[in-house]
Amino acid sequence: MKFCLKRVCGSVLLTVASFSATAESVLVHDPYVREPVPGRSMSAAFMTLTNTSDQAQRLVSVSAPWASSIEIHTHLHENGVMKMRQIESLEVPAGESVTLEPGGLHLMLFGLKTPLKSELPMTFCFDNSECVAHTARLFSPM
């Protein structure tokens with residue numbers, strides 16, 4: 001089953017927009033987007049997700065107005081080769097953190113509207129219908 005990440009989160013966001021930001025059970029720490037290679041319209045995003053609730057939370061979609069689609073990815077080692085694979089959701093256990101980092105879990109960003117700005121709004125949606133808006137920073141490894 002493939003998710004249309006932008007539509008799912010957009011419709012959920014309308015449902016929860018009136019809730020206070022203090023109701024957030026998952027905190028997004030230091031989100032950043034790697035500046036895309038010149039001429040490419042894809043990149044990756046990294047951050048740490050911390051679940052402050054007493055129940056597991058599952059990230060099911062991420063959207064951004066500057067990307068046509070965003071997928072949750074993992075890296076797998078198969079026969080000595082590292083491969084990226086899309087996953088449908090990402091569990092953040094109760095009271096724990098999950099780090100998305102280069103070479104591991106990450107968000108793949110497609111159809112980027114370049115040039116990207118230094119502050120990039122993103123919306124993270126969870127299976128409990130809660131969506132959390134954050135601003136990622138643009139990171140240039142050069």
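As shown above, the structure is provided for reference.
Residues numbered from 1 in each chain as written. Predicted model: local features only at pLDDT ≥ 70, side-chain atom pairs only at ≥ 80, totals over all residues. Heavy atoms only, no water.

Visitor: Mind showing me how you'd approach the side chain of Gln-57 here?
Guide: When you line up the elements, Gln-57 lands in strand 3 (residues 57-63). Classification of Gln-57 as buried rests on a relative accessible area of 6%. One polar contact links the side chain of Gln-57 to the main-chain carbonyl oxygen of Gln-55, over a distance of 3.4 Å. Those residues in contact with Gln-57 that lie beyond four places of it in its chain are Ser-25, Val-26, Asn-51, Leu-90, Glu-91, Val-92, Phe-126, Asp-127 and Asn-128. (Helix = DSSP H or I, 4+ residues; strand = E, 2+ residues; numbered from the N terminus. Buried < 20%, exposed > 50% of the residue type's maximum accessible area, 1.4 Å probe, protein only. Polar contact = N/O pair within 3.5 Å; in protein donor to acceptor, adjacent residues only side chain to side chain. Contact = heavy atoms within 4.5 Å.)

Visitor: For this particular structure, what's the right way to read the environment of Phe-124?
Guide: Position of Phe-124 relative to the elements: it lies in strand 9 (residues 119-126). Each C-alpha atom of the pair Phe-124 and Val-62 lies 4.6 Å from the other, and the pair is 62 residues apart in sequence.

Visitor: Help me understand the packing of aromatic side chains in this model?
Guide: The relation between two aromatic rings is expressed through the spacing of the ring centres and the mutual angle of the planes. Following the criterion strictly, the structure yields two aromatic pairs and no others. Between Tyr-32 and Phe-46, the ring centres sit 5.3 Å apart and the planes meet at 40 degrees, which makes this aromatic pair tilted. Separated by 14 residues along the polypeptide, Tyr-32 in strand 1 (residues 26-34) and Phe-46 in strand 2 (residues 42-51) bring together distant segments of the chain. Considered together, Tyr-32 and Phe-46 belong to a single accessibility category, that of buried residues. Judged by centre distance (5.5 Å) and plane angle (70 degrees), the rings of Tyr-32 and Phe-139 are edge-to-face. Taken together, the residues span a long stretch of sequence, with Tyr-32 in strand 1 and Phe-139 in strand 10 (residues 131-139) at a distance of 107 residues. Ring-pair connections join several aromatic residues into one group, and the members of that group are Tyr-32, Phe-46 and Phe-139. (Phe/Tyr/Trp six-rings, centres within 6.5 Å; stacked < 30°, edge-to-face > 60°.)

Visitor: Please explain the pairing of strand 5 (residues 81-87) as it appears in this structure.
Guide: Each regular strand carries side chains that alternate between the two faces of the sheet. As paired strands, strand 4 (residues 69-78) and strand 5 are joined by seven bridges and run antiparallel to one another. Bridge pairing links Ile-72 to Ile-87 in strand 5. If you look at the hairpin formed by strand 4 and strand 5, you'll find two residues sitting between the two strands, and Asn-79 has a positive phi there, around 50 degrees. (Pairing = 2+ DSSP bridges.)

Visitor: Looking at this structure, how should I read the pattern of salt bridges?
Guide: Any two side chains of opposite charge can pair if their charged atoms end up close together. Going through the model one piece at a time under the given rule, you end up with four salt bridges. Between Arg-137 and Asp-30 there is a salt bridge, with the nearest N and O atoms lying 3.2 Å from each other. With Arg-137 in strand 10 and Asp-30 in strand 1, this pair connects stretches of sequence that are 107 residues apart. For Asp-30, a relative accessible area of 48% translates into the label partly exposed. Between Glu-78 and Lys-83 there is a salt bridge whose closest N-O contact spans 3.3 Å. With relative accessibility at 30%, the residue Glu-78 sits in the partly exposed group. On the accessibility criterion, Lys-83 (30% relative accessible area) is partly exposed. (Salt bridge = Lys/Arg side-chain N within 4 Å of Asp/Glu carboxyl O.)

Visitor: Any chance you could explain the nonpolar core here in plain terms?
Guide: Inside soluble globular proteins, nonpolar side chains tend to come together where they are buried. Counting residues in each nonpolar core, the largest one holds 27 residues, and the members touching the most others are Val-33, Leu-49, Trp-66, Leu-107, Met-122 and Phe-124. Ranked by residues supplied to this core, first place goes to strand 9 with four residues. (Core = buried A, V, L, I, M, F, W, Y, C linked by side-chain atoms within 4.5 Å.)

Visitor: Sorry if this is basic, but what is going on with the side chain of Ser-43 here?
Guide: Its location among the elements puts Ser-43 in strand 2. Residue classification places Ser-43 among the buried residues on the basis of a relative accessible area of 9%. The residues contacting Ser-43, other than those within four sequence positions of it, are Val-33, Arg-34, Glu-35, Pro-36, Leu-107, Met-108, Leu-109 and Leu-112.

All we've got here are geometric facts, nothing functional implied.
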